[in-house]
Amino acid sequence: MTDAGVAHNRDDSTATPRESLLVAENIIAGYVPEVDILRGCDLVLQEGELVGVIGPNGAGKSTLLKALFGLIPVRSGTVRLRGEDISNLPAHALVSKGIGYVPQNNNVFQRLTIEENLEMGLYQAPKRFLERFEVVAEVFPRIAERRKQRAGSLSGGERQMLAMARALMMDPSVLLLDEPSAGLSPALQDQTFVRARRINATGVSVVMVEQNARRCLQICHRGYVLDQGRNAYTNSGAELLHDPKVVELYLGTLAKVK
Ligand SMILES: Nc1ncnc2c1ncn2[C@@H]1O[C@H](COP(=O)(O)OP(=O)(O)OP(=O)(O)O)[C@@H](O)[C@H]1O
Ligand SMILES: [Mg+2]
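Anyway, here's the lowdown on the structure attached to this text. (Residues numbered from 1 in each chain as written. Chains lettered and ligands numbered in written order. Predicted model: local features only at pLDDT ≥ 70, side-chain atom pairs only at ≥ 80, totals over all residues. Heavy atoms only, no water.)

The protein atoms donating to the magnesium ion (ligand 2) are S62 (OG) and Q104 (OE1), with metal-donor distances spanning 2.0 to 2.5 Å. One end of the pair, S62, is in helix α1 (residues 61-68); the other, Q104, is in the loop between β6 (99-102) and α3 (114-121), with 42 residues separating them in the sequence. Residue classification places S62 among the buried residues on the basis of a relative accessible area of 18%. You can call Q104 partly exposed: its relative accessible area is 28%. (Donors = N, O, S within 2.8 Å, 3.2 Å for Na, K, Ca; no water. Helix = DSSP H or I, 4+ residues; strand = E, 2+ residues; numbered from the N terminus. Buried < 20%, exposed > 50% of the residue type's maximum accessible area, 1.4 Å probe, protein only.)

Structure follows, in structure tokens:
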């Protein structure tokens, strides 16, 4: 699909304030004791938003998603969902509160069929399978058509789609996507952005970490630039795309900004 398939920058700065759905405030987190990878990160996701997170390798983007999803301890700071403190709740509790997460790697069960993978996504509410399958099949028809096929036989791009489809099965209100376009051909990369937008259009608020920073900023409502575990820049996607400092430091000086 070409660029025309995706709506471009939407600047919501004039919209009336909406309820904050997910708020991470001053997050300090890491893996090894006494080594903080996130050193005071903030992130706000409003209801209905698609928020992009970009930044250099090792900036802490994946770590931020893991901290939001309870996979690593939040040492200091808070994560709130609709005002409720959810910091350090385990991932399964966050899933039942409506948060979905698609990790950067190893995100499907290769030996299981597509259908079984989708069932795993719905393990907390198995009776809803058919109802959710219909919704997910609309966004991912190619995946749904091949429900009896083993996930291991899918291409990289198709697996990425299946991972997103599985997270959608739970009918999340928040979806955390870690590098959905990584390792894919340009055409397939574009597909993942189109799908992320489509998922967002169904009412799911999305936080998307992406290496394809330019494309990410083109489609997100707001973007965060992380650098060395801290927020470096935050603005609408459009503003960040045209911010000379962001272009110079994070988007490449030789790259053209359309
Ligand atoms: N499991 C782990 N144990 C220890 N350190 C880790 C672990 N995972 C990541 N790190 C360290 O945390 C830092 C941030 O890593 P993270 O994966 O969050 O970066 P990123 O911004 O997602 O980078 P990339 O763009 O390469 O995916 C890096 O220095 C990395 O080495
Ligand atoms: Mg990462």
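Further remarks concern the side chain of E179. Summarising the element assignment, E179 is placed in the loop between β7 (174-178) and α7 (186-201). Buried within the structure, E179 lacks any salt-bridge partner; its nearest side chain of opposite charge belongs to K61, at an N-O separation of 4.6 Å. (Lys, Arg positive; Asp, Glu negative; His and termini not counted. Salt bridge = Lys/Arg side-chain N within 4 Å of Asp/Glu carboxyl O.)

A word on the packing of aromatic side chains. Counted under the stated rule, the structure contains 3 aromatic pairs. Summarising the aromatic geometry, the rings of F129 and F133 are spaced 5.5 Å apart at their centres and angled 20° between planes, so their arrangement reads as stacked. One end of the pair is F129 and the other is F133, both in helix α4 (residues 129-139) and 4 residues apart, which spans about a single turn. Owing to a relative accessible area of 9%, F133 belongs among the buried residues under this scheme. For the ring pair Y233 and Y250, a centre distance of 6.2 Å and an interplane angle of 70° mean the geometry is edge-to-face. Taken together, the residues Y233 in strand β10 (residues 230-236) and Y250 in helix α10 (residues 244-251) connect sequence positions 17 residues apart. The ring of F133 carries R147 above its face, with NZ or CZ at 4.2 Å from the centroid. (Phe/Tyr/Trp six-rings, centres within 6.5 Å; stacked < 30°, edge-to-face > 60°. Lys NZ or Arg CZ within 6 Å of the ring centre and 35° of its normal.)

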